[in-house]
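Structural features, examined
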Amino acid sequence: MSEGFQAVRNTQKRGEPYPVKRFGPENAGKVRRFHASFPGYQATPLVNLEGLARELGLGGVCVKDESRRFGLNAFKVLGGSYAMGSYIARRLGMRIEELSYEAMTGEEVRRRLGEVTFVTATDGNHGRGVAWTANRLGQKAVVYMPKGSAPERLRNIQALGAEASITDLNYDDAVRLARENAARYGWVLVQDTAWEGYKDIPGWIMEGYTTMALEAAEQMQAGGFRPTHIFLQAGVGSMAGAVAGFFADLYGEGERPVITVVEPDQADCLFRTAQAGDGRLHFVSGRMDTIMAGLACGEPCTLSWEVLRDHADHFVSCPDYVAAQGMRILSSPLPGDERVISGESGAATLGFVAEVMRNEKLAWLRRQLCLDKDSRVLCISTEGATDRENYQKIVWDGLYPGI
Ligand SMILES: Cc1ncc(COP(=O)(O)O)c(C=O)c1O
């Protein structure tokens, strides 16, 4: 191991793999039809960075740019909105296919539903998606944020009419607060992580993310780009699980690209769980001090872990400078490449790939991941500059230089 990087090859797969049909292209088509009924829906761009691929010694690098998602600067709204739609459909005895945006936000649904308060805990992006959806439904949202959350992210949620506050809790304790208050006040908990006895909404959230995977798959196919490697950043792992599940179903488990899950070293609960290999989840507690705020989660989503356990190949834990480097690389493209504005959590994977390819001390990791001139890599920039003050400090002032 070197320079704060750790990696483990996944040896957890045993017996029948976790069924991924639910996250595959067919179901994703249904999910996408739901999202496509929202005003302003557009597939986010997939950017092919040929100059960067050449520079790094790779066969190709594509980056899906989620800063362009519904004007909300992150992919997360896909999950919250689909889960809230599915919840409403179930309560009203409807099928999600019958619940377009127009029907969902119309008078009749509001009348039949009555007043609902949706509650969640968030580093920012998920809460913004929940607040945005509740706002369009004409319903209330309560949002708890962990200690140290960026004021800009709080203001963006409040601007959508939600009752949002920054607590003095870490992310996982803020989730517990949301859960307790949901039980106490009869609110609907829209949390992007599952635990024993709480699986429906997190499962729908994961399904919601498959719109993004389906778009990427279609865009890559249209561009003749068949990925050999997909890098997925993880907080609780719901996004990584959904996307890994999608590609395992699309290509088949034996044919799918190599899937690598990337976490900050301060919040590497999936890495620790894979490393321990004892069939139990391993948590990280305490402050989880990382610039990758969206990934600062210490307790894996149980549902997503089951998918990743059976359909991911590597788990890596890496230092913060990797994310900062990814932000700078994406913001200053090589000639012919497009610029991507990517925030801390968004740029983690591209920054990681660049470091592994450029840093000779990480040659062992390059070999472990089988990355070479024939590799075609997909990364998802899951957010834009959601904390502009920090974005400028990192990209303009060069904070968090590499080592
Ligand atoms: C920008 C961004 N990327 C990635 C993630 C990770 O998603 P998950 O918590 O499902 O692993 C988050 C989570 O909030 C996020 O905000």
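The rules behind each value
- Residues numbered from 1 in each chain as written.
- Predicted model: local features only at pLDDT ≥ 70, side-chain atom pairs only at ≥ 80, totals over all residues.
- Heavy atoms only, no water.
- 1 Å grid on protein atoms, 1.4 Å probe; cavity = no way out; pocket = protein on both sides within 12 Å on 5 of 7 lines; lining within 4 Å.
- Points joined across faces, edges and corners; volume = space filled by probe spheres on them.
- Helix = DSSP H or I, 4+ residues; strand = E, 2+ residues; numbered from the N terminus.
- Near = heavy atom within 4 Å.
- Polar contact = N/O pair within 3.5 Å; in protein donor to acceptor, adjacent residues only side chain to side chain.
- Areas by Shrake-Rupley, 256 points an atom, 1.4 Å probe, with all protein chains shown as cover.
- Sits in = over half its atoms within 2 Å of the grid points.
- Nonpolar A, V, L, I, M, F, W, Y, C, P; charged D, E, K, R; others polar.
- Contact = heavy atoms within 4.5 Å.
- Domains from an automatic or database assignment.
- Buried area = accessible area lost by both parts, 1.4 Å probe.
- Salt bridge = Lys/Arg side-chain N within 4 Å of Asp/Glu carboxyl O.

In this section: the layout of surface pockets. Considered as a void within the structure, the largest pocket measures approximately 750 Å³ in volume. What lines the largest pocket is a set of 29 residues, among which Lys147, Gly148, Ser149, Thr290 and Ala293 lie closest to the centre. For the lining of the largest pocket, the secondary-structure elements that each account for two or more residues are helix H7 (151-158) and helix H16 (388-395). With 4 residues, H7 is the largest single contributor of residues to the lining of the largest pocket.

In the vicinity of the ligand lie 16 residues, with Asn125, Gly235, Gly237, Met239 and Thr382 positioned nearest. Here a nitrogen atom of the ligand sits 2.7 Å away from a polar atom, N or O, in the side chain of Thr382. In isolation the ligand exposes 390 Å². Once the protein is present, 99% of that is buried. The site holding the ligand turns out to be the largest cavity. Among the residues making up the shell around the ligand, the classes are represented as 5 nonpolar, 8 polar and 3 charged.

One can find Ala385 in the loop between strand S11 (376-381) and H16. In this structure Ala385 touches Asn73, Ile341, Gly343 and Tyr391, once residues within four positions along its chain are discounted.

Below, the discussion takes up the domain arrangement of the protein. Domains assigned within the protein are domain 1 (6-75 + 202-397) and domain 2 (77-198). At the junction of the two partners, domain 1 supplies 44 residues and domain 2 supplies 36 residues. With both chains or domains summed, domain 1 and domain 2 bury close to 3,400 Å², and 63% of this area falls on carbon and sulfur atoms. The largest share of the area that domain 1 buries against domain 2 comes from Phe34, Leu72 and Trp204, three residues that together contribute 23% of it. Counting across the interface, domain 1 meets domain 2 through 4 salt bridges.

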